[in-house]
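Architecture and fold: a report
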Amino acid sequence: MDSRRLSWVVSVLALISLVCHDCTVRAGDIVHDDDSAPKKPGCENDFVLVKVQTWVDGIEDAEFVGVGARFGKTIVSKEKNANQTRLTLSDPRDCCTTPKNKVAGDVIMVDRGHCKFTAKTNAAEEAGASAVLIINNQKELYKMVCEQNETDLDIKIPAVMLPQDAGASLEKLLLNGSSVSVQLYSPRRPIVDIAEVFLWLMAVGTILCASYWSAWSAREAVIEQDKLLKDSADEILDTEAMGTTGVVDINTTSAVLFVVIASCFLVLLYKLMSFWFVELLVVLFCIGGIEGLQTCLVALLARWFKGTAESYIKVPFFGAVSYLTLAVSPSCIAFAVVWAVYRNVSFAWIGQDILGIALIITVLQLVHVPNLKVGTVLLSCAFLYDIFWVFVSKKLFHESVMIVVARGDKSGEDGIPMLLKIPRIFDPWGGYSIIGFGDILLPGLLIAFSLRYDWLANKNLRAGYFLWAMIAYGFGLLITYVALNLMDGHGQPALLYIVPFTLGTFLTLGRKRGDLKVLWTRGEPERPCPHIQFQHCDESHVEK
């Protein structure tokens, strides 16, 4: 790989790592409790999304989603316990006074405005309605709360708000004389969805594959270097003259700068988030995905097509490119283009995950943490970055910047593409479980370093650091999902849990085994020079 392509991959690493680390945002989350709308007796329901299934002239029709009020009777959670009830328009439409028309036992539909939400619901209850649908005057949903001085809160019927477009559709049907019935229920999410299990396996498997590839490449480079040193006999070679492996080592300065650049880029995304900005991110993601997929395929196929993998041709702008790379590139480009065109279809997440995983594996192969010191600085900075932009940013921007960017709010798109995602198969509300690239890449850099060290030190799995770092990462990610469910689906910064487990395990084991000094400074064990019998390499020849 030439220096220009290498620089591009490193640039992609910067981009995708900055965009989003938060792994626990779920599309279509139920609206839960809200501390800004305090509870009091008669007004203490949690805010929940409500499914409003409709039937028109006895035939099942559209399903709308509303939000339940803080007051009134709670909505049943199971569809089988929800009654199918006739829908009636209120007269007057605002329902600020008792309706003139007969609504006994019906679900009554009213317009928002002119009086309090509780006054509308009380008027509907006095008329004998079984529930009230309040139509918002905007396309968004609004949380219906009680005012501070309200006392008439002994309400026995449920109140649900629907967005303006849903109300317009139902109103049109009713004014045309159609018979409309509705069913109101608020199904609960499963405690654990199979999507989270597969996402966990995907993240752990990606780091596993990338680490072994990185360690194998490092060992091959060492073997090649030893062979050259043996062949040179007593002649001392300049290691830089032997060629470059195309690997970029991160230093402490770049690790700290990561947080600054990441923060600036995240704010830029937050401020400029729009349809066209997401389209630009899609293009960048496709370019990076093509590079990653191509690199992985060439590495896999090179074993069977060694001749074409080692034969090169000079291509303008790209430099020397192998014939094998030229052969697989059209397929990679076609794959990325097809995904970009059809990325909004239900199965497009498969293509996004393939491109994303290939890109992550390639970056972990080409970008290395040279020692534990750099790894500690990088993960510590990322740890603080994650906490600040998920939690602290709410105080400055009145919403979590990280979560807004991850969901793609204000863009009209279903989130940014720099995520691995799996649909929540058994969730009645649908949506996706997602994990940001940074939550795999950043810990993956340290875990890949651990395996490289183990192999160079000839340590087995139990005596090495890789197995325990891998277990710590998997456990930290598992705790993230537990926290997600305990927090009622509110976004969680994954690195808040992953970094202490992964980094803490590595540092503790290193200190206990007496390897901490070598891990912290050199990052690789001392090796005897192969061309000098019974003598170790001079320190200046082996230190980076």
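Look a little higher up for the structure.
Residue numbers here run from 1 along each chain, matching the order of that chain's written sequence. Reporting of local features is limited, given that this is a predicted model, to residues whose pLDDT is at least 70; pairs of side-chain atoms are given and counted only at 80 or more, and all residues count toward the totals for whole chains, interfaces and linings. In computing side-chain values, all of the structure's heavy atoms are included and hydrogens and water are not.

**Let's talk about the packing of aromatic side chains**
- Whether two aromatic rings pair depends on their centres lying within 6.5 Å, for rings of Phe, Tyr and Trp, where Trp uses its six-membered ring; planes under 30 degrees apart make the pair stacked, over 60 edge-to-face, and the rest tilted. Taken as a whole and judged by the stated rule, the model has 13 aromatic pairs.
- An angle of 45° between the planes, with centres 6.0 Å apart, marks the rings of Phe 117 and Tyr 142 as tilted. Here Phe 117 is found in helix α2 (residues 117-126), whereas its partner Tyr 142 is found in the loop between β5 (131-135) and β6 (159-162), with 25 residues between them in sequence.
- Throughout this description, buried means an accessible area under 20% of the type-specific maximum (1.4 Å probe, protein chains only), exposed means over 50%, and partly exposed covers the range between. Judged by relative accessible area, which is 12%, Phe 117 ranks as buried.
- Using a relative accessible area of 37% as the deciding quantity, one classes Tyr 142 as partly exposed.
- Here Phe 475 and Phe 501 contribute two aromatic rings whose centre-to-centre distance is 5.1 Å and whose plane-to-plane angle is 80°, an arrangement assigned as edge-to-face. Of the two residues, Phe 475 sits in helix α13 (residues 466-486) while Phe 501 sits in helix α14 (residues 495-513), which places them 26 residues apart along the sequence.
- A positively charged side chain is recorded as over a ring if its NZ (Lys) or CZ (Arg) lies within 6 Å of the ring centre. The angle to the ring normal must also be within 35 degrees. Between the NZ or CZ atom of Lys 51 and the centre of the ring of Trp 429, over which it lies, the distance is 4.7 Å.
- One cation-aromatic arrangement involves Arg 513 over Tyr 465; the distance from NZ or CZ to the ring centre is 4.8 Å. Put simply, DSSP marks the helices as runs of H or I at least four residues long and the strands as runs of E at least two long, and each gets a number from the N terminus on.

**Here's the deal with the state of the cysteines**
- Count a disulfide wherever a pair of cysteine sulfur atoms falls within 2.5 Å. Under the criterion given, the structure shown has 2 disulfides.
- Residue Cys 43 pairs covalently with Cys 146 via a disulfide, S to S 2.0 Å. As the torsion about the S-S bond is roughly 105°, the Cys 43-Cys 146 disulfide counts as right-handed. With Cys 43 in the loop between α1 (3-19) and β1 (49-56) and Cys 146 in the loop between β5 and β6, the pair connects residues that are 103 residues apart, well separated along the chain. No difference in accessibility class separates Cys 43 from Cys 146, as the two residues are buried.
- There is a disulfide in this structure between Cys 96 and Cys 115, and the S-S distance comes to 2.1 Å. Disulfide Cys 96 to Cys 115: torsion about the S-S bond roughly -95°, handedness left-handed. With a gap of 19 residues between them, Cys 96 in the loop between β3 (85-89) and β4 (107-111) and Cys 115 in the loop between β4 and α2 connect regions that are remote in the sequence.
- Under the relative-accessibility criterion, Cys 96 is labelled partly exposed at 25%.

**Points about the pattern of salt bridges**
- Any Lys or Arg side-chain nitrogen found within 4 Å of a carboxyl oxygen on Asp or Glu counts as a salt bridge. Considering all chains together, one arrives at 11 salt bridges under this definition.
- Across the pair Lys 156 and Asp 154 runs a salt bridge, and its minimum N-O distance is 2.3 Å.
- According to the relative accessible area criterion, Asp 154 is exposed, its value standing at 58%.
- A salt bridge links Asp 515 to Lys 459; its shortest N-O distance comes to 3.5 Å. Residue Asp 515 is located in the loop between α14 and α15 (516-521), and its partner Lys 459 is located in the loop between α12 (438-456) and α13; the two are separated by 56 residues in the primary sequence.
- Residue classification places Asp 515 among the buried positions, given a relative accessible area of 15%.
- Residue classification places Lys 459 among the partly exposed residues on the basis of a relative accessible area of 25%.
- A cluster of three or more residues bridged by salt bridges with shared partners is formed by Arg 189, Glu 196, Arg 424 and Asp 427.

**Comments concerning a nonpolar patch on the surface**
- Within this analysis, patches are made of residues with over 30% relative accessible area and no salt bridge. Like charges are joined at 9 Å or less; nonpolar side chains (Val, Leu, Ile, Met, Phe, Trp, Tyr) at 5 Å or less. The Shrake-Rupley method, run with a 1.4 Å probe, gives the accessible areas here. Residue values count only the displayed protein chains as cover. Residues Ile 191, Val 192, Val 197, Phe 198 and Leu 201 make up a contiguous nonpolar surface patch of roughly 500 Å² in combined accessible area.
- With respect to the helices and strands, Val 197 occurs in helix α4 (residues 194-231).
- You can call Val 197 partly exposed: its relative accessible area is 37%.

**Let's talk about the sheet that holds strand β7 (residues 180-185)**
- Two strands are said to pair when DSSP picks up at least two bridges between them. Strand order in this closed barrel of 7 strands is β1-β2-β6-β5-β4-β3-β7, and the pairing throughout is mixed. When strand polarity is set aside, the average angle formed by the axes of neighbouring strands in this sheet is 40°.
- Bridge count for β5 against β6 is 4 bridges, and the pairing is parallel. Counted as the bridge partner of Ile 134 is Met 161 from β6.
- Running at roughly 90° to β3, helix α3 (residues 164-175) makes contact with β1, β2 (59-68), β3, β4, β5, β6 and β7 of the sheet. The axes used here are C-alpha line fits, helices contributing only the stretch in contact, and every angle between their N-to-C directions lies in the interval 0 to 180 degrees. The contact rule is simple, with two residues in contact once any of their heavy atoms fall within 4.5 Å.

**Points about unusual backbone geometry**
- Look at the link from Asp 91 to Pro 92: it is a cis peptide, with omega at 10°.
- Within the fold, Pro 92 resides in the loop between β3 and β4.
- Here Cys 95, not a glycine, exhibits a phi torsion of approximately 55°, which is positive.
- Cys 95 sits in the buried class, given a relative accessible area of 0%.
- Of note, the phi angle at His 114 is positive, near 75°, even though the residue is not glycine.
- Note on placement: His 114 falls in the loop between β4 and α2.
- Residue class for His 114 comes out exposed when judged on its relative accessible area of 76%.

What is shown is where atoms sit, not what they do.
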